[in-house]
Amino acid sequence: MMKSEVKTSLLDNMIGVGDSVLLEPLTEDTFLENLKNRFDHREIYTYIGSVVISVNPYRQLPIYTPDKVEEYRNRNFYELSPHIYALADEAYRSLRDQDKDQCILITGESGAGKTEASKLVMSYVAAVCGKGAEVNQVKEQLLQSNPVLEAFGNAKTMRNDNSSRFGKYMDIEFDFKGDPLGGVISNYLLEKSRVVKQPRGERNFHIFYQLLSGGSEDLLKQLKLEREFNQYNYLCLDSAKVNGVDDAANFRTVKNAMQIVGFMDDEVELVLEVVAAVLKLGNIEFKPESRVNGLDESRIQDKNELKEICELLGQDQAVLERAFSFRTVEAKQEKVSTTLNVAQAYYARDALAKNLYNRLFTWLVNRINESIKAQTKVRKKVMGVLDIYGFEIFENNSFEQFIINYCNEKLQQIFIELTLKEEQEEYIKEGIEWTHIEYFNNAIICELIENNTNGILAMLDEECLRPGTVTDETFLEKLNQICAVHERFESRMSKSSRFLNDTTLPHNCFRIQHYAGKVMYHVEGFVDKNNDLLYRDLSQAMWKTNHVLVKALFPEGNPAKMSLKRPPTAGSQFKASVATLMKNLQTKNPNYIRCIKPNDQKTPHVFTEALVCHQVRYLGLMENVRVRRAGYAFKQPYESCLERYKMLCSQTWPHWRQGARDGVKVLLTELQIPPEEFSYGRSKIFIRNPRTLFELEDLRKRRLEDLATLIQKIYRGWKCRTHFLLMKKSQITISAWTKRHFQRKKYLHLKSVTLIIQSYIRGWKARKLLRELKYQKLCEESATTIAAYWRGFQARRELKRLKEEARRKHAVAVIWAYWLGLKVRREYRKFFRANAGRKIYEFIVQRIMQKYFLELKKKLPSMSPTETTWPAQPYLFLDNTHTELKRIFHLWRCKKYRDQFTAQKRAIFEEKLEASELFKDKKALYANSVSQPFQGDYLEISKNPKYQKLTGAVEEKILLADVVNKINRANGKGAPRIFLLTQSNFFIADQKSGQIKSTIPVMDITSVSVSKQTDGLFAVHLKEGSTAAAKGDFLFTSDRLIEIITKLYRTIFFKTNQKINVEINNEFLVQFNQDKVCVKFIQGAQKNGNLPACKRKNNRLLEVTVP
Ligand SMILES: Nc1ncnc2c1ncn2[C@@H]1O[C@H](COP(=O)(O)OP(=O)(O)OP(=O)(O)O)[C@@H](O)[C@H]1O
Ligand SMILES: [Mg+2]
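Residues numbered from 1 in each chain as written. Chains lettered and ligands numbered in written order. Predicted model: local features only at pLDDT ≥ 70, side-chain atom pairs only at ≥ 80, totals over all residues. Heavy atoms only, no water.

A. Geometry of the overall build of the chain. Along its length, the chain carries 31 helices and 31 strands. Computed over C-alpha atoms, the radius of gyration of the chain comes to 79 Å, more than 25% over the 32 Å expected from 2.2 N^0.38 for 1107 residues, which places it beyond the range of a compact globule. Dimensions of the chain, computed from C-alpha atoms along their principal axes, come out at roughly 230 × 115 × 60 Å. Roughly 59400 Å² of accessible area belongs to the chain as shown, and the carbon and sulfur atoms make up 54% of that amount. Within the chain, one finds 171 positive and 133 negative side-chain charges whose respective centroids are separated by 25 Å. (Helix = DSSP H or I, 4+ residues; strand = E, 2+ residues; numbered from the N terminus. Rg over C-alpha atoms; globule rule 2.2 N^0.38 Å. Areas by Shrake-Rupley, 256 points an atom, 1.4 Å probe, with all protein chains shown as cover. Lys, Arg positive; Asp, Glu negative; His and termini not counted. Charge placed at Lys NZ, Arg CZ, Asp CG, Glu CD.)

Spelled out as structure tokens, the structure:
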């Protein structure tokens, strides 16, 4: 669950009551008892409304951890148990979110834990505000200003080992986001008398001890200091060491803090020089010296110390020495110098030391302010933290206590004002009628002290400024005169006779009834302390130093700025600064932390009631509570009230759906709470009496117990029921499974039994059936066998009968044949011998022939002319017939084949046949030509436009047209020519032009010669004397030799009806012109492929090389 969702309240787990406003009855005793009770249980914080009372635990409690910071972060004030973090968180959040400037006023007596509280607030705010390098540096500087100020402003006292000897107010400034920007510190009234004198058991300011213990040898030498404390008159010796405090370590911390805050090294050096000078001043001692004129004079005993101081401060020794010996008084432009006696010299020395230190402290504060000053000019939100001394009531109260108590009166006044204002504002806001609250207004006491005309401070000032002899006694007298009638002023010597016999009031004292109690002041020292005089000679001497810091600390020593006006008195200064402070605080939203010291021994676990009671009184805490609960003791927003108590009413529990206000009304009505006990504000319910609240709380507690019981009951019921249901479910499941298991087992058993029985029955049935079947089969088999036997028997009987019958028929036939034969023989005996033999022979031959032909018919081979098979011959005597028949069949088959041909095809075959007759087995080239059909017109002469002229010249049908090589008769070289054959001529034409070169009538051809080889050379012999034969015979070569010659041969035959001679020989003669030339074919290597190479060897021989 998220933290913010947790609904808690201050009222939860309270030890005593967390808010004293709720005390019932409200008495001092119950109040103290409550504080003690809580203190004993480590609850050191208790509220009075929004005021936090903090009781110093004097031990480290684990309640300031980062976890705690987180716990209290962003939580409502009353949500968790009282804590200083709750206050800090509330203040920071209303500063950040509601833009309200805040001040945190921490009061309490010395050792009550104010400074610690202020540091806790600062550290809480530092922890919860923004982060980032710059912001962190600001935070660090703000936090580190504390150790520096504590070193210079704190000291060990009887009441506190780290007692702040000054009042401190620090404004922390934030930007609009709530990130810290810087701060301003104001200091009030440093207890400077401590520099020169400390009560027994107390110490001077920490810095002196820290410097001597922690400073290095070099540093001490440089500052002309000895390490031993006992070397210095100003250091109290009997309590120089404080238990649990390491001065040396603290010195390092301080130096480090100064560095972080922003002190330069030389600034630190200057500061330490002043500190050393103050220490050494205490060691200057004077001895009396009588002068002749009877005046007492003093002289410095040992000038060595003075010399060293002067060296440290860059001072002229004589100047300082003179300042310690003389006092110059200026009156009416006249300077009168008087010598100082020993007492006066000591007074002057101490005054110088006190002033020097006081001014150094103020300078330090200003210097820190310079460092932590916010760097921006944007509007800032401010949180002021005031850590100021509380009321002081000692046995011997002096001017300081008077001043301090005056300050507390003022704080109380604004506390009352602001608390009432806040209360009233809340009432108005909530629309509740404002009832007048009776409370003690301490304005009258403030008036007694600060009234400008007859106030105690005004009279003190008047006395100090008055010419003539002024003593503390004259001051008291004056008081006695003026204030005697004041109801809060008491004095033995006053005109009022009230205290004439009051022995508790010594003559040199006056008593004031402060709001927190009566305090008796001894007048001794009032005038002196108020005057706070430093002889002008000393301030002038100080101004004259070369020491920058010291010079700056004494500006009034500058003769140029010298004035005769007295500086303001300590009282008036303080009054003014208190007034400023009050003005400042009034503009802010106040938050109070009231610190209480539980015992004087500074020990944990001890709660001295008398001591606490005393503080409770003078802090006015009872007043606080009374004011706070004057109207209504408790108020709470409706939502939280309803949330907390809704279980008390049946209508609001567990859910109330309407507005929270109505819910609370219903609730309170049902609870029958008297109506005067509460009021309904706009957003809050106001409860007049704590009793009512506690009744409510009681009811709630009881109801919670009931509810717890109810929840417990329901939970237990639910748990048992759930458990029961689970058990039941489990039981059902288990029994189901068990039943299933048993049923299954039973079923399986039954099943197996059934199966067995079934199988037995089936077996039995099967066997029965088998038996029946077997019997049936046996019967059938037997029947079959019997039938078979019977049929066999019948068949055999039938067979026997048939055989018998056949035998009988055969016998009858034989007998008949024999008989017939006998009859025929007997009848035809006379004809048989002449004809019978020939007739039987013819008949038999006829029968055989018949059978032969019929069988041959069945076995005839296929009709293909190429088929060569023929059935085997069955009878030897038909040998010739068989061969003849084969031949006839083949011829008939060929005829049949031929009969299918068209005329064209027949012509081709005829040509092929002619070629075969001419060349087959005669010329080797023939074999190649068989498979090539004769196409005749290879040049497609009529279609080719190139040969148009040629076709025009040839009138007849072209039988053959091809390109051949014509062999030159003279040299045997070939030239391509067109060879064109028609029915009556053949032409030789130019291949390219188609120009006819020769026309030879076919009738002029006598013969053709070719070789036996595969070459294509052929010679065409012409008739001697014919025109074509003028040049002689023609020699051609062509691959289509076979076709050309066959066609030539057939053309001549058709033309002349004569067959020309085709000579096939490897040597033949040709007629060239007049010569007979022998063409001789020789075998040889071929040069140009398959073409024959012709070479005219001589007049008689032409050699043709063929492959
Ligand atoms: N909340 C706390 N937890 C533990 N110790 C504390 C707490 N508050 C105070 N103390 C102890 O009490 C001592 C005195 O507290 P602190 O110095 O704050 O008192 P003071 O009220 O400032 O006194 P003075 O008026 O003398 O300065 C601290 O040094 C510390 O040891
Ligand atoms: Mg303090």
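So, next bit.
B. Spotlight on helix α13 (residues 342-372). Under the 1.5 Å per step criterion, the end-to-end length of α13 is 45 Å for 31 residues, consistent within 8% with the ideal 45 Å. Counting buried positions over the 31 residues of α13 gives 22, a clear majority of the element. With a side-chain oxygen positioned 3.2 Å from the backbone nitrogen of Ala 343, the residue opening α13 is Asn 341. (Expected span 1.5 Å × (residues − 1). Buried < 20%, exposed > 50% of the residue type's maximum accessible area, 1.4 Å probe, protein only. Polar contact = N/O pair within 3.5 Å; in protein donor to acceptor, adjacent residues only side chain to side chain.)

C. Region of the structure containing helix α28 (residues 903-919). The end-to-end C-alpha distance of α28, which contains 17 residues, comes to 24 Å, matching closely the 24 Å that a straight helix rising 1.5 Å per residue would cover. Within α28, burial applies to Glu 911, Lys 912, Glu 914, Ala 915, Ser 916, Leu 918 and Phe 919. The secondary structure elements touched by the buried residues of α28 are α29 (926-930), β24 (1005-1010), α31 (1041-1056) and β27 (1061-1064). One or two steps after α28, the chain reaches Asp 921, where phi turns positive at roughly 65°. (Contact = heavy atoms within 4.5 Å.)

D. Seen up close, the confidence of the model for the chain. Looking at the chain as a whole, its pLDDT mean stands at 87, while 97% of the residues score no less than 70. Across the chain, element-level confidence peaks in helix α9 (residues 247-261) with a mean pLDDT of 96 and bottoms out in strand β10 (residues 326-331) with 78. Taken as a whole, residues 1-6 scores under 50 in pLDDT and shows six contacts with residues more than four places along the chain or in a different chain. (pLDDT = per-residue confidence, 0-100.)

E. Quick look at the packing of aromatic side chains. Summed over the entire model, instances satisfying the criterion amount to 43 aromatic pairs. Site record: aromatic cluster; members linked through ring pairs are Phe 399, Phe 402, Phe 475, Phe 489, Phe 510, Tyr 521 and Phe 526. Sitting above the plane of the Tyr 209 ring, Arg 203 keeps its charged end 3.9 Å from the centroid. Its end group placed over the ring of Tyr 938, Arg 1040 keeps NZ or CZ at 3.6 Å from the ring centre. (Phe/Tyr/Trp six-rings, centres within 6.5 Å; stacked < 30°, edge-to-face > 60°. Lys NZ or Arg CZ within 6 Å of the ring centre and 35° of its normal.)

F. Just the coordination of the magnesium ion (ligand 2), in detail. Looking at the magnesium ion (ligand 2), the protein donor atoms are Thr 115 (OG1) and Ser 164 (OG), and they sit 1.8 to 2.0 Å from it. In this pair, Thr 115 sits in helix α4 (residues 114-128) while Ser 164 sits in strand β5 (residues 163-164), placing the two residues 49 residues apart along the sequence. For Thr 115, a relative accessible area of 13% translates into the label buried. (Donors = N, O, S within 2.8 Å, 3.2 Å for Na, K, Ca; no water.)

G. Region of interest: the environment of Gly 49. Along the chain, Gly 49 turns up in the loop between β1 (45-48) and β2 (51-55). Exposure remark for Gly 49: the relative accessible area of 0% places this residue in the buried category. A sequence separation of 584 residues divides Gly 49 from Ala 633, and the C-alpha atoms of the two residues are 8.7 Å apart. Not counting the four nearest positions on each side in its chain, Gly 49 is found in contact with Asp 19, Val 21, Phe 77, Tyr 78 and Arg 628.

H. Seen up close, the environment of Arg 644. Considering the arrangement of structural elements, one finds Arg 644 in helix α24 (residues 638-645). Along the sequence, Arg 644 and Arg 700 sit 56 residues apart, while their C-alpha atoms lie 8.0 Å from each other. Non-local contacts of Arg 644, meaning those with residues more than four positions away in its chain, are made with Ser 9, Leu 11, Asp 12, Gln 636, Glu 697 and Arg 700. At 2.9 Å, the side chain of Arg 644 forms a polar contact with the side chain of Glu 697.

I. How the structure looks around unusual backbone geometry. Put simply, Glu 24 and Pro 25 share a cis peptide bond, and its omega is -5°. Relative to the helices and strands, Pro 25 resides in the segment before α1 (28-40). In this chain, Trp 653 is followed by Pro 654 through a cis amide linkage whose omega measures 0°. Turning to its location among the elements, Pro 654 is positioned in the loop between α24 and α25 (660-670). In this structure, Lys 224 takes a positive phi of about 60° despite not being glycine. Position of Lys 224 relative to the elements: it lies in the loop between α8 (217-222) and α9. A positive phi angle, near 55°, is found at Lys 602, a position not held by glycine. Relative to the elements of secondary structure, Lys 602 occurs in the loop between β16 (589-596) and α22 (609-618).

J. Broad picture of the sheet that holds strand β26 (residues 1034-1037). Here eight strands make up an open sheet; going across it, the order is β23-β22-β21-β20-β26-β25-β24-β27 and the pairing mixed. Pairing within the sheet leaves two strands with one partner each, and these edge strands are β23 (996-1001) and β27. For this sheet, the mean inter-axis angle between neighbouring strands, taken without regard to orientation, is 30°. The pairing of strand β20 (residues 960-967) with strand β21 (residues 974-981) spans eight bridges and is classified as antiparallel. Paired with Leu 960 across the strands is Leu 981, a residue of β21. Across the sheet, α31 is in contact with β20, β21, β22 (985-990), β24, β25 (1017-1022) and β27; its angle to β24 comes to roughly 160°. (Pairing = 2+ DSSP bridges. Axes fitted to C-alpha atoms, helices over the stretch in contact; angles between N-to-C directions.)

K. Just a positive patch on the surface, in detail. On the surface, a cluster of positive charge is made up of Arg 762, Lys 765, Arg 767, Lys 768 and Arg 771. Inspection of the secondary structure puts Arg 771 in helix α26 (residues 690-858). (Patch = residues over 30% accessible without salt bridge, like charges linked within 9 Å, V, L, I, M, F, W, Y side chains within 5 Å. Salt bridge = Lys/Arg side-chain N within 4 Å of Asp/Glu carboxyl O.)

L. Local environment of the sheet that holds strand β19 (residues 684-687). In space, the three strands of this open sheet follow the order β17-β19-β18, with antiparallel pairing throughout. Of all the strands in the sheet, just β17 (634-637) and β18 (678-680) have a single pairing partner and so form its edges. Pairwise comparison of adjacent strand axes, ignoring direction, gives a mean angle of 20° for this sheet. The strands that α25 touches are β18 and β19; relative to β18, the one it contacts most, it runs at about 155°.

M. Inspection of the pattern of salt bridges at higher detail. Following the criterion strictly, the structure yields 59 salt bridges and no others. Between Glu 70 and Arg 73 there is a salt bridge; the shortest N-O distance is 3.1 Å. Accessibility expressed as a relative area gives 38% for Glu 70, which makes it partly exposed. Linked by salt bridges that have partners in common, Arg 165, Glu 191, Arg 194 and Glu 202 make up one network.

N. Fine view of the packing of α24 against α25. It is the contact of α24 with α25, at a shortest axis distance of 8 Å, that shows an interaxial angle of 45°. On the basis of their axis angle, the class for α24 and α25 is oblique. In terms of crossing hand, the pair formed by α24 and α25 is left-handed. Taking contact as the criterion, the partners of Tyr 638, Glu 639, Cys 641, Leu 642 and Tyr 645 in α24 are, on α25, Ala 660, Arg 661, Gly 663, Val 664 and Leu 667. For the contact of α24 with α25, a count of residues per class yields seven nonpolar, one polar and two charged. (Parallel < 35°, antiparallel > 145°, perpendicular 65-115°, else oblique. Left-handed = near helix turned anticlockwise from the far one by under 90°. Nonpolar A, V, L, I, M, F, W, Y, C, P; charged D, E, K, R; others polar.)

O. Summary view of the nonpolar core. Core analysis: the largest hydrophobic core is formed by 212 residues, its most contacted members being Phe 152 and Phe 510. Per element, the largest residue contribution to this core is 14 residues, and it comes from α13. Phe 919, Leu 1022, Leu 1041 and Ile 1060 belong to the second-largest nonpolar core, a separate cluster that totals 34 residues. (Core = buried A, V, L, I, M, F, W, Y, C linked by side-chain atoms within 4.5 Å.)

P. Representation of the site of ligand 1. Lining the immediate environment of ligand 1, one finds 17 residues, of which Ser 110, Lys 114, Thr 115, Ser 163 and Ser 164 sit closest. Between ligand 1 and Ser 110, the relevant distance is 2.5 Å, taken from an oxygen atom to a side-chain nitrogen or oxygen of the residue. With the chains in place, 87% of the 620 Å² that ligand 1 exposes on its own is no longer accessible. When residues of the shell around ligand 1 are traced back to their parent elements, those giving at least two are α4 and β5. Of all the elements, α4 adds the most residues to the shell around ligand 1, at three residues. Among the residues making up the shell around ligand 1, the classes are represented as four nonpolar, nine polar and four charged. (Near = heavy atom within 4 Å.)

Q. Layout of the packing of α4 against helix α5 (residues 133-153). Interhelical geometry of α4 versus α5 gives an angle of 165° and a closest axis separation of 10 Å. Looking at the two axes, α4 sits roughly antiparallel to α5. The handedness of the crossing between α4 and α5 is left-handed. Only Lys 139, Leu 142, Leu 143, Asn 146 and Glu 150 of α5 make contact with α4, whose side of the interface consists of Thr 115, Lys 119, Met 122, Ser 123 and Ala 126.

R. The pairing of β22, seen in detail. The buried fraction of β22 is high, at six of six residues. One ladder, built from five bridges, connects β21 with β22; its direction is antiparallel. Looking at the pairing, Leu 980 lines up with Phe 987 of β22. Hairpin connection of β21 to β22: three residues between the antiparallel strands. Linking two consecutive strands that pair antiparallel, namely β22 and β23, is a turn of five residues; a positive phi of about 80° is found at Gly 994 within it.

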